[in-house]
Amino acid sequence: MSFNYGREERKWRLWKEAEENKLRSLGVDEDTIENLHNHDWEVFNSDRKYYRRLQDAGTYLEELPTEIEQPEINTVDELLNSIENQKLYQLLIRVDKLTLQIVVMRLQGYKLYEIAPIVNLSEQAVYKRMQRLKKKIKKVLK
């Protein structure tokens, strides 16, 4: 979405005019109102420069590839289907389903203390399963 300078300036002027009318009705002197006007105008111009730069950066970022986006994994089968490394895949299909379910839950953002009661294991047992799997993965991927 682009920043429309003319429209934003019109909106700012309408807002500023209403604010200045309100200040005048409250008895604020004209020098103070003019100082506020000048300060707000500087802030508005600063914002305009920011949005212009943001827009320029946005077009640059839009040109970058979006291949980094990861699919959401909700099941053990989705986890296995997302593995592209053949050695890692061969390792994971031999791992028990409970450990793979723990991995899926960790990928979803669960903490070990949240996973333990769901899989009916102690936190230590969940931790050990994860550590053993990490060791196997490191050994295979070396």
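One structure accompanies this document, and this report is about it. Going along each chain's sequence as written, the residues are numbered from 1 onward. Owing to the predicted nature of the model, reporting of local features is limited to residues with pLDDT of at least 70; listing and counting of side-chain atom pairs is limited to 80 or more, with chain, interface and lining totals taken over all residues. Each side-chain value is worked out from all heavy atoms of the structure, with water and hydrogens disregarded.

1. Considering helix H7 (residues 123–141)
An α-helix turns once per 3.6 residues; consequently, residues spaced three or four apart project the same way.
Okay, step 1: In this text, helices come from DSSP runs of H or I with a minimum length of four residues, and strands from runs of E with a minimum of two, each type numbered from the N-terminal end. Helix span, expected: 1.5 Å multiplied by one less than the number of residues in the helix. Over its 19 residues, H7 extends 27 Å from the first C-alpha to the last, a length consistent with the 27 Å expected when each residue adds 1.5 Å.
Okay, step 2: Only protein chains enter the accessibility calculation, which uses a 1.4 Å probe; a residue whose area is less than 20% of its type maximum is buried, one above 50% is exposed, and one in between is partly exposed. Within H7 the residues assigned to the buried category are Val126, Met130 and Leu133. What you see down the axis of H7 is that its buried residues fit within an arc of 65°, all on one side. Every exposed residue of H7 that faces more than 90 degrees away from the buried side is listed here: Arg132, Lys135, Lys138 and Lys139.
Okay, step 3: On its buried side, H7 packs onto helix H4 (86–94), helix H5 (97–107) and helix H6 (112–119). Along the arc lie the directions from the helix axis toward the C-beta atoms. Whether two residues are in contact is decided by their heavy atoms: any pair within 4.5 Å suffices.

2. As for the packing of H4 against H7
If you want to describe how two helices pack, look at the angle between their axes and the distance between the axes.
Okay, step 1: Lines fitted to the C-alpha atoms define the axes, with helices restricted to the stretch that makes contact. Angles between their N-to-C directions range from 0 to 180 degrees. The contact between H4 and H7 brings their axes to 9 Å, and the two run at 150°. The orientation of H4 relative to H7 falls into the category roughly antiparallel. Between H4 and H7 lies a crossing of right-handed hand. Here H4 contributes Lys87, Leu88, Leu91 and Leu92 to the contact with H7, which in turn contributes Leu133, Lys136, Ile137, Val140 and Leu141.
Okay, step 2: Looking at the contact of H4 with H7, its residues break down into seven nonpolar, no polar and two charged. Here is the rule for angles: anything less than 35 degrees is roughly parallel, anything more than 145 is roughly antiparallel, 65 through 115 is roughly perpendicular, and the remaining ranges are oblique. Note on convention: near helix rotated counterclockwise from far helix by under a right angle means a left-handed crossing. Clockwise means right-handed. Residues are grouped as follows: Ala, Val, Leu, Ile, Met, Phe, Trp, Tyr, Cys and Pro are nonpolar; Asp, Glu, Lys and Arg are charged; every other residue, Gly included, is polar.

3. Observations concerning H6
Okay, step 1: Residues Ile115, Ala116 and Val119 constitute the buried set of H6. Looking down the long axis of H6, one finds its buried residues gathered within 110° of arc, a one-sided arrangement. Away from the buried face of H6 by more than 90 degrees, exposed residues Tyr113 and Pro117 are located.
Okay, step 2: Buried residues along H6 sit in contact with H5 and H7.
Okay, step 3: Positive phi appears at Asn120, one or two residues downstream of H6, with a value of about 60°.

4. Comments concerning the side chain of Lys16
Okay, step 1: Mapped onto the secondary structure, Lys16 falls in helix H1 (residues 5–25).
Okay, step 2: If we ignore the near neighbours within four places in the chain, the residues touching Lys16 are Leu36, His37 and Asp40.

5. Quick word on the side chain of Asp40
Okay, step 1: As for its position among the elements, Asp40 is in helix H2 (residues 30–63).
Okay, step 2: Relative accessible area serves as the criterion here: at 15%, Asp40 is assigned to the buried category.
Okay, step 3: The contacts of Asp40, once residues within four sequence positions are left out, are Trp12, Trp15, Lys16 and Glu19.

6. Some remarks on the packing of aromatic side chains
Okay, step 1: For Phe, Tyr and Trp, rings pair up if their centres lie within 6.5 Å, where Trp contributes its six-membered ring, and each pair is then called stacked (planes under 30 degrees apart), edge-to-face (over 60) or tilted (otherwise). Within this structure, the stated rule accounts for four aromatic pairs.
Okay, step 2: Feature note: the residues Trp12, Trp15, Trp41 and Phe44 constitute an aromatic cluster, connected by ring pairs.

7. Let's talk about the environment of Val95
Okay, step 1: Within the secondary structure layout, Val95 lies in the loop between H4 and H5.
Okay, step 2: Judged by its relative accessible area of 11%, Val95 is buried.
Okay, step 3: Taking the C-alpha atoms as reference, Val95 lies 9.9 Å from Lys136; in sequence the two are 41 residues apart.
Okay, step 4: Other than its neighbours up to four places away in sequence, Val95 contacts Leu100 and Leu133.

8. Here's the deal with a positive patch on the surface
Okay, step 1: Two joining distances apply to patches: 9 Å for like charges and 5 Å for nonpolar side chains (Val, Leu, Ile, Met, Phe, Trp, Tyr), and every residue must have over 30% relative accessible area and no salt bridge. The accessible surface values rely on the Shrake-Rupley method and a 1.4 Å probe; as for residues, cover is taken only from the protein chains in view. What counts as a salt bridge is simple: a side-chain nitrogen of Lys or Arg found within 4 Å of a carboxyl oxygen of Asp or Glu. Asp and Glu are treated as the negative residues and Lys and Arg as the positive ones, with His and the ends of the chain left uncounted. Working definition for charges: the position is that of NZ of Lys, CZ of Arg, CG of Asp or CD of Glu. Where like charges cluster on the molecular surface, the positive patch consists of Arg94, Arg106, Lys111, Lys128, Arg132, Lys134, Lys135, Lys136, Lys138, Lys139 and Lys142.
Okay, step 2: In terms of residue count, H7 provides more of the positive patch than any other element does, seven residues in total.
Okay, step 3: Secondary-structure assignment places Lys139 in helix H7.
Okay, step 4: Its relative accessible area of 69% is what places Lys139 among the exposed residues.

Everything listed here is a matter of coordinates, which is why it stays silent on function.
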